[in-house]
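One letter stands for each residue in the lines below.
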Amino acid sequence: MKLPIYLDYQATTPVDPRVLEAMLPYFHDVFGNAASRSHAFGWKAEEAVELAREQVAALIGAAGKEIIFTSGSTEAINLALKGAAEMYASKGKHLITSLAEHKAVLDTCKHLEKLGYEVTYLKPDRTARISPEQVRSALRPDTLLVSVMWANNEVGTLNPIREIGAVCREQGTLLFTDATQAVGKVPVDVEADHVDLLCLSAHKIYGPKGVGALYVRRKNPRVRLAAQMDGGGHERGMRSGTLNVPGIVGLGQACEFARLELADESRRCAELRDHLESRIRNELGYVELNGHPEQRLPGNLNLSFHFVEGESLIMGISDVAVSSGSACTSASLEPSHVLRAMDVGEDLAHSSIRFGIGRFTTRAEVDYAADAVVKAVRRLREMSPLYELAQEGVDLKTIQWQANH
Ligand code: PLP
């Protein structure tokens, strides 16, 4: 077994060697500009881009023409939210989202608030879920867009997007979903799920970093967006800039493999995830699952360990790569905004660890990680006076701590 072991598949994934192989010709041999209409170099590049467009579309039940290539989900989110806000401002200036969204959504909403838009932030339940009823009661005649993520990147909880989509459709309001973590892991069908806008990112599904896509519905209803990147009018005028042909080829291939292997891979990841969870639970007490017990991503396991500080645990299992809080914000020691919104409580939020299992994870690696976690948690708890008290049967909530003078 090669160390360190990578169990952080929600942060990013390695490029699948089959994807890499498909990309390689497009760096040197087939290097044309996909917008060059006057020669074979351009036509070949364009052909590859159009194949990728179909491959991306097939994974989510869309048509190729509805796919806009971007530099990743962050850009797609900015285009969807700002583009819709600008285009539909005459309908109203109200948006609905949730407190558990990725920062790319939350910070874009904050930006829109500065421009005079009003945003309702729905509070998720204890499992990080948003209900269709919450969306229904927040909708107003001036709501231009609802933005609810499909799968949460920290705790893996899946939202009932189909039901939320039905509510939005009934009210005639557009639904955008950040499906960065869901696409390729759970079935997604923009028609059946009533989704109008959706983002995805190649580096979460074994494709390269720096490329992603925005799905923009073309009929029933036809969604229009104000471009946020002006220039040569690429991507139906919604996103100018010379296309990243090798990256787009990689995204297309990544989607193709994800579609063909989704069922088997999800089953395998869920089995490994359940194995990791049961090993840890069987060998340690005082472990809490963060997120929903059933409605969650197959490869995600977010656990909190009482009497243990997450950062210390991460250092204690240094040859197992996991994450505490969101990968994008874990440079700060602030507890994650998602766990906060779920009311997990400061202590447990500080002791949360996200294990991410993926395509290349083996059972031996999971066993190694379980051994390492059990050993490190036991060692850290031995040093915890609170754990000692709990072992003696003292209910920590009843302790009257002496005030510090
Ligand atoms: N949304 C979610 C749920 C994510 O997990 C991520 C990745 O961290 C993003 C958005 C941002 O994606 P990208 O890295 O493609 O900009």
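Residues numbered from 1 in each chain as written. Predicted model: local features only at pLDDT ≥ 70, side-chain atom pairs only at ≥ 80, totals over all residues. Heavy atoms only, no water.

(A) Region of interest: the site of the ligand. Residues in contact with the ligand amount to 14 residues; listed here are only the nearest, T74, D178, Q181, S201 and K204. Contact with the protein chains covers 88% of the free accessible surface of the ligand, which is 390 Å². Looking at the shell around the ligand element by element, the count peaks at 3 residues for helix α4 (residues 73-87). When grouped by side-chain class, the residues that make up the shell around the ligand number 3 nonpolar, 9 polar and 2 charged. (Near = heavy atom within 4 Å. Areas by Shrake-Rupley, 256 points an atom, 1.4 Å probe, with all protein chains shown as cover. Helix = DSSP H or I, 4+ residues; strand = E, 2+ residues; numbered from the N terminus. Nonpolar A, V, L, I, M, F, W, Y, C, P; charged D, E, K, R; others polar.)

(B) Layout of the sheet that holds strand β2 (residues 67-70). Strand order in this open sheet of 7 strands is β2-β8-β7-β6-β5-β3-β4, and the pairing throughout is mixed. Edge positions in the sheet fall to β2 and β4 (118-122), since each of these pairs with one other strand and no more. Between one strand axis and the next, the sheet turns through 20° on average, direction left out of account. With 4 bridges joining them, β2 and strand β8 (residues 212-216) adopt antiparallel strand pairing. Within the sheet, the bridge partner assigned to I67 lies in β8 and is Y215. Strands in contact with helix α3 (residues 40-60) are β2, β7 (197-201) and β8; relative to β2, the strand with the most contacts, it is inclined by about 110°. (Pairing = 2+ DSSP bridges. Axes fitted to C-alpha atoms, helices over the stretch in contact; angles between N-to-C directions. Contact = heavy atoms within 4.5 Å.)

(C) Highlighting the sheet that holds strand β12 (residues 352-356). Within the open sheet, the 3 strands sit side by side as β9-β10-β12. Their pairing is antiparallel. The outermost strands of the open sheet, each flanked by one partner alone, are β9 (287-289) and β12. Ignoring strand direction, the axes of neighbouring strands in this sheet form an average angle of 30°. With 5 bridges joining them, strand β10 (residues 300-305) and β12 adopt antiparallel strand pairing.

(D) Molecular detail of the side chain of T157. Mapped onto the secondary structure, T157 falls in the loop between β5 (143-147) and α7 (161-171). Engagement of the side chain of T157 in a polar contact is seen with the backbone oxygen of T127, the distance being 2.6 Å. Setting aside anything within four residues of it in sequence, one finds T157 in contact with T127, A128, R129, W150, A151, N152, G291, H292, Q295 and R296. (Polar contact = N/O pair within 3.5 Å; in protein donor to acceptor, adjacent residues only side chain to side chain.)

(E) The arrangement of the domain arrangement of the protein in detail. What the domain assignment lists for the protein is domain 1 (17-258) and domain 2 (262-392). Measuring from the centre of the C-alpha atoms in domain 1 to the corresponding centre in domain 2 gives 30 Å. Domain 1 puts 32 residues into the contact, and the matching count from domain 2 is 29 residues. In total, domain 1 and domain 2 occlude about 2500 Å² of area from one another, counting both sides; carbon and sulfur atoms represent 56% of this. For the domain 1 face of the interface with domain 2, the top three residues by lost area are R126, E154 and Y206, together amounting to 29%. Inspection of the region where domain 1 meets domain 2 yields 1 salt bridge. (Domains from an automatic or database assignment. Buried area = accessible area lost by both parts, 1.4 Å probe. Salt bridge = Lys/Arg side-chain N within 4 Å of Asp/Glu carboxyl O.)

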